[in-house]
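A closer look at the structure
Residues per chain are reported as follows:
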Amino acid sequence: MRVLLTTTSYQDTPGDHHALLESQGFEIHRERGPLPESRMLELAGDFDAFLCGDDEITRAVLDKSLPRLRVISKYGIGLDKIDVAACTEKKLPVLFTPGVNHTTVAEHTFCLLLALVRNLVDSANAVREGKWKRVTGHEIWNKTIGIVGLGRIGQEVARRAAAFGMKIHAMDLPQYWPKAFADEFSITQHETIETMLPHLDVLSLHANLSESTRHLVNAARLKLAKPELLVVNTSRAELVHMQDMIAALDAGQVGGYATDVLDEEPPPADHPLLKHPKALITPHIGSRTYESVPRQAMRATLNLVNYLKGEKDVIQANKW
């Protein structure tokens, strides 16, 4: 049984998941992902299982991987890099790990927001360089935050926003709206981002990437917002139209963009957002903590092992 293991945080972080995976007698081939389609095509066909991160698993990769490939176990919850429709068509199970990283990502969201409003990075770097640079920042108390996606992560963000004394608006599909939770935290409901944006000081993104959410934040919608809107993205880079965001930052329509995700990771040296004075970027570490990684890695490993043993304790994203 050959397993392709690509996720770096899984490999780099101590935890019981290593012992569980090693105990199975698998032949494990390790790569440093996320891997582009070109590399996945080079590897495809030689493995019985993928234990993957955000690698590009396209229809072409699947066609070359089958019939040997039996299962894909995703370390994480975002499935936009996997052609799930093709997997379902080919009756290939896609397993994933919901419910393991919502606390960590919510904390990182506020890490980014607080760093942004208090100019933390520039101030700390200036002191390190021997400069006593005192820049006036802002409070988030009594400000209004808008949350796109009120799932597990969005709800944890809302809890923290309430603790900071923020007013909370949120949007989600009506069928997924958590009414009891929203009532408890006095969250104003929106079905579209257009109705929500005019109220906001902060926009925080926590939606899955799909064709309906791709470029959800774009020039036309940003014009509906208050000047100097702050945008925090710990979800997917593609939720934001990058060129529109840069133009809005330049024009002052957006006062700051704090993101843990980029359209190219790692970014090229000339990526226009890297040195923008109103941008704050972290290297996709929102769920990378010593607490979260072992939870996520163990769930991904249990999914893989249990599926291959025919046991029921698996979390499968696709059905047929």
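So, here is what we can say about the structure in this document. Remember, predicted model here, so these are calculated numbers, not experimental data. (Residues numbered from 1 in each chain as written. Predicted model: local features only at pLDDT ≥ 70, side-chain atom pairs only at ≥ 80, totals over all residues. Heavy atoms only, no water.)

Remarks on unusual backbone geometry
Between Leu66 and Pro67 the backbone carries a cis peptide bond, its omega angle lying at 10°. Following the sequence through the fold, Pro67 ends up in the loop between helix H4 (59-65) and strand S4 (71-74). Here the bond from Glu265 into Pro266 is cis, since omega is -10°, no more than 30 degrees from zero. Note that Pro266 resides in the loop between strand S11 (254-259) and strand S12 (279-281). We note that Lys91 has phi near 55°; this positive angle belongs to a residue other than glycine. If you trace the backbone, Lys91 turns up in the loop between helix H5 (84-89) and strand S5 (94-95). Of note, the phi angle at Asn119 is positive, near 50°, even though the residue is not glycine. Among the secondary structure elements, Asn119 is positioned in the loop between helix H6 (102-117) and helix H7 (120-128). (Helix = DSSP H or I, 4+ residues; strand = E, 2+ residues; numbered from the N terminus.)

Quick look at the environment of Trp177
Mapped onto the fold, Trp177 is located in the loop between strand S7 (167-171) and helix H9 (179-184). In this structure Trp177 comes out as buried when scored by relative accessible area, which is 13%. Apart from the residues lying within four places of it in its own chain, the contact partners of Trp177 are Leu150, Ala170, Met171, Asp172, Ala182, Ile187, Thr188 and Gln189. (Buried < 20%, exposed > 50% of the residue type's maximum accessible area, 1.4 Å probe, protein only. Contact = heavy atoms within 4.5 Å.)

Brief notes about the sheet that holds S5
Taken in spatial order, the five strands line up as S2-S1-S3-S4-S5 in an open sheet, and their pairing is parallel. At either margin of the open sheet sits one strand with a lone partner, and together these are strand S2 (27-30) and S5. Here strand S1 (residues 2-5) runs beside strand S3 (residues 49-52); their pairing, made up of three bridges, is parallel. Note on S3: the bridge partner recorded for Leu5 is Leu51. Across the sheet, helix H13 (residues 292-309) lies against S1, S3, S4 and S5, angled at about 160° from S4, the strand it touches most. (Pairing = 2+ DSSP bridges. Axes fitted to C-alpha atoms, helices over the stretch in contact; angles between N-to-C directions.)

Thoughts on the pairing of S7
With four of five residues buried, S7 is to be regarded as a mostly interior element. In this structure, strand S6 (residues 144-148) lies alongside S7, joined through five bridges in parallel fashion. Bridge pairing links Gly146 to His169 in S7. The handedness of the S6 to S7 crossover, carried by helix H8 (residues 152-163), is right-handed. Pairing geometry for S7 and strand S8 (residues 188-190), over three bridges, is parallel. Across the sheet, residue Met171 finds its bridge partner in S8, namely His190. Handedness of the β-α-β unit built from S7, H9 and S8 comes out right-handed. (Right-handed = clockwise from strand over helix to strand, strands pointing away.)

Considering the side chain of Asn306
Turning to its location among the elements, Asn306 is positioned in helix H13. Overall, Asn306 belongs to the buried group, its relative accessible area being 7%. Not counting the four nearest positions on each side in its chain, Asn306 is found in contact with Arg299, Glu311, Asp313 and Val314.

Side note on the sheet that holds S8
Strand order in the open sheet formed by seven strands is S8-S7-S6-S9-S10-S11-S12, with parallel pairing between adjacent strands. The sheet is open, and its two borders are formed by S8 and S12, each paired with just one other strand. Direction aside, neighbouring strands of the sheet carry axes that sit 15° apart on average. As defined by bridge partners, S6 adjoins strand S9 (residues 202-205) across four bridges and the pair is classed as parallel. Among the inter-strand pairings, Ile147 is bridged to a residue of S9, identified as Ser204. H6 rests against S9, strand S10 (229-233), S11 and S12 of the sheet, and its axis sits at about 150° to S10.

Quick word on the pattern of salt bridges
Throughout the structure, instances matching the rule amount to 21 salt bridges. Between Glu31 and Arg39 there is a salt bridge, with its nearest N and O atoms 2.7 Å apart. A relative accessible area of 13% means that Glu31 is categorised as buried. Assessed through its relative accessible area of 27%, Arg39 is described here as partly exposed. For Asp201, the salt bridge goes to Lys226, with nearest N and O atoms at 3.4 Å. Pair noted here: Asp201 is in the loop between helix H10 (193-196) and S9 and Lys226 is in the loop between helix H11 (219-222) and S10, with a separation of 25 residues, a long-range link. A relative accessible area of 22% places Asp201 in the partly exposed class. For Lys226, a relative accessible area of 33% gives the class partly exposed. (Salt bridge = Lys/Arg side-chain N within 4 Å of Asp/Glu carboxyl O.)

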